[in-house]
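# Coordinate inspection notes
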Amino acid sequence: MAEYKLTYFNSRGLAEPIRFIFALAGVEYEDIRVEKDDWPGLKPNFRWGQVPVLQFGEQELAQSATIARFLARKYKLAGEDEVEEARVDELVDAVKDLQVEYRKIRMETDEEKKAELNKAFAETYGPDFLTKLTAWQEANGGTWLVGKNVTWADLYIANVFDIYSGSVGTDLLENFPAIKSVQEAVFALPQIKEWIEKRPQTEM
């Protein structure tokens, strides 16, 4: 029986970096996928009324970044020292600011307004963030965003921009080769490549 149970929707979304960590660590887990039609009946069963949720033993953790950080520390994907750990957290928090703008697109029901938000994200918010992230990457040097080894920040950002590019209809990383190379390096890791090839095919 798997030690961990990860519950999320049948999509990549916020849970995919967690699945990436499990793949890299070679840890078996139960990947519980909730269909959105079933969610209203299940929602009251979860502490914050949200997923993802990680269960292990008698413990339960919620909030995607909390879960990823917990597992990354356990499986040596959080940075080599306290400073690197803090820089990893900084990157993930910075991406969360961008996610606020992306969520506006997802929540908008008026198609004309959605198109305007989509355009602003693809032409302004995304490129502005990626310009700053490129400067960060160049300052770090090497393959990864923090230090000399892959961290969950690399996994997180590779997944986020994979989803964003598919959603807004343009490759946001096309003009940012340094960040594209990080994403490609993540997806080329044998354990990640194997997971991507076998994971359920979903829109997001």
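Structural data are supplied above this passage.
The present account deals with the structure reproduced in this document. (Residues numbered from 1 in each chain as written. Predicted model: local features only at pLDDT ≥ 70, side-chain atom pairs only at ≥ 80, totals over all residues. Heavy atoms only, no water.)

Further remarks concern the side chain of glutamate 16. Within the element layout of this structure, glutamate 16 appears in helix 1 (residues 16-25). With sequence-adjacent residues up to four places away left out, glutamate 16 is seen in contact with Asn159, Trp195 and Arg199. (Helix = DSSP H or I, 4+ residues; strand = E, 2+ residues; numbered from the N terminus. Contact = heavy atoms within 4.5 Å.)

With that out of the way, let us pick up helix 6 (residues 152-168). If you check helix 6, its first and last C-alpha atoms are 24 Å apart, about what 17 residues at 1.5 Å a residue would give, namely 24 Å. Burial analysis of helix 6 places 14 of its 17 residues in the buried class, which makes it a mostly covered element. Residue glycine 169 follows helix 6 closely and has a positive phi angle near 85 degrees. (Expected span 1.5 Å × (residues − 1). Buried < 20%, exposed > 50% of the residue type's maximum accessible area, 1.4 Å probe, protein only.)

Take the pattern of salt bridges next. According to the stated counting rule, one finds 11 salt bridges in the structure shown. Aspartate 162 serves as the salt-bridge partner of arginine 12, at 2.8 Å between the closest nitrogen and oxygen. Here arginine 12, found in the loop between strand 1 (4-9) and helix 1, pairs with aspartate 162, found in helix 6; they are 150 residues apart in sequence, far enough to count as distant. Overall, arginine 12 belongs to the buried group, its relative accessible area being 11%. In this structure aspartate 162 comes out as partly exposed when scored by relative accessible area, which is 27%. The partner of arginine 33 in a salt bridge is aspartate 31, with the nearest N and O atoms 2.9 Å apart. A single network of salt bridges, built from pairs that share partners, joins Glu16, Arg19, Asp31, Arg33 and Arg199. (Salt bridge = Lys/Arg side-chain N within 4 Å of Asp/Glu carboxyl O.)

The biggest cluster of nonpolar side chains holds 67 residues, and the ones touching the most others in it are Leu145, Trp152 and Phe161. Looking at this core, the element that brings in the most residues is helix 6, giving 11 residues. Filtering out sequence-adjacent residues up to four positions away, tryptophan 152 remains in contact with Ile21, Ala65, Ala68, Arg69, Ala72, Leu77, Ala78, Val88, Asp89 and Val92. (Core = buried A, V, L, I, M, F, W, Y, C linked by side-chain atoms within 4.5 Å.)

Take the packing of helix 5 (residues 111-140) against helix 7 (residues 177-188) next. Put simply, helix 5 and helix 7 touch, their axes get as near as 8 Å, and they point 75 degrees apart. Here helix 5 is positioned roughly perpendicular relative to helix 7, judged by the angle of their axes. The segment helix 5 lies against helix 7, with Leu130, Leu133, Thr134 and Gln137 engaging Ala178, Ile179 and Val182. In the contact of helix 5 with helix 7, the residues fall into five nonpolar, two polar and no charged. (Axes fitted to C-alpha atoms, helices over the stretch in contact; angles between N-to-C directions. Parallel < 35°, antiparallel > 145°, perpendicular 65-115°, else oblique. Nonpolar A, V, L, I, M, F, W, Y, C, P; charged D, E, K, R; others polar.)

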